[in-house]
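What the coordinates show
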Amino acid sequence: MEIYKVPFCIITSERLNYFCTHKGMVMVKKNIVGNTKEIMTGFNTFFNPQDFSYNDSNTGNLRYIIKNIKAHYLKDIIEKYGFALALESQSFKLATLQDVQRWKRDFENSEFYKYYQQLNNFSQKPKEKVKSINKRRLNGQF
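Residues numbered from 1 in each chain as written. Predicted model: local features only at pLDDT ≥ 70, side-chain atom pairs only at ≥ 80, totals over all residues. Heavy atoms only, no water.

Comments concerning the environment of Lys104
Keep this limit in mind: Elements are defined by DSSP. Helices are runs of H or I of four residues or more, strands are runs of E of two residues or more, and each kind is numbered from the N terminus. Residue exposure (1.4 Å probe, protein chains only): buried if accessible area is under 20% of the type maximum, exposed if over 50%, otherwise partly exposed.
Position of Lys104 relative to the elements: it lies in helix 2 (residues 97-106). Taking the relative accessible area as the measure of exposure, Lys104 reaches 30% and is therefore partly exposed. Taking the C-alpha atoms as reference points, Lys104 and Met27, separated by 77 residues in sequence, lie 9.5 Å from one another.

Things to note about the packing of aromatic side chains
The cut-off we apply is this: Between rings of Phe, Tyr and Trp, where Trp is taken as its six-membered ring, a pair exists when centres lie within 6.5 Å; planes separated by under 30 degrees are stacked, by over 60 edge-to-face, and by other angles tilted. Only lysine NZ and arginine CZ atoms are considered, and such an atom sits over a ring when it is within 6 Å of the ring centre and within 35 degrees of the ring normal.
Under the defined criterion, the tally for this structure stands at 14 aromatic pairs. Here Phe83 and Tyr115 contribute two aromatic rings whose centre-to-centre distance is 5.1 Å and whose plane-to-plane angle is 70°, an arrangement assigned as edge-to-face. Here Phe83 is found in the loop between helix 1 (69-81) and strand 6 (84-87), whereas its partner Tyr115 is found in helix 3 (residues 111-120), with 32 residues between them in sequence. Classification of Tyr115 by relative accessible area gives buried; the value is 12%. Relative to Phe112, the ring of Trp103 lies with its centre 6.4 Å away and its plane at 45°, an arrangement referred to as tilted. Classification of Phe112 by relative accessible area gives buried; the value is 0%. Grouped by ring-pair contacts, the aromatic residues Phe8, Phe43, Phe46, Phe83, Trp103, Phe107, Phe112, Tyr113, Tyr115 and Tyr116 constitute a single cluster. One cation-aromatic arrangement involves Lys30 over Tyr4; the distance from NZ or CZ to the ring centre is 5.8 Å. One residue, Lys30, lies across the ring of Phe92, its end atom 4.5 Å from the ring centre.

Fair warning: the whole summary comes from geometry, so function is off the table for now.
Spelled out as structure tokens, the structure:
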């Protein structure tokens, strides 16, 4: 398992245009087949902005192009919550031990957590998914 520091954005829509707005960073673990989960909550319903093509580079409008089954689900998520979360897959960077410790310490004040709470409609603290880190495997990075 490797842990990555990745920029995330929210996708919103007006009529048939979709907008991708950068909001901050998130820490995710990625398995062998490429599925990602946020390390504190286990949230795994991230979309990929590359599933859509940009039709206006000045405004960031996204033209809705279905490239996979998960993209069909995007419309439902946005209708229900008003937004969906996306990861910039081309910007995955291996996290350091300090990155993970900082994420654990500042998690409840992070932009990601604010959106996560809205998606899950509750305000309880997440169970701590990261209990310990095997320092022998780290060697400075995951």
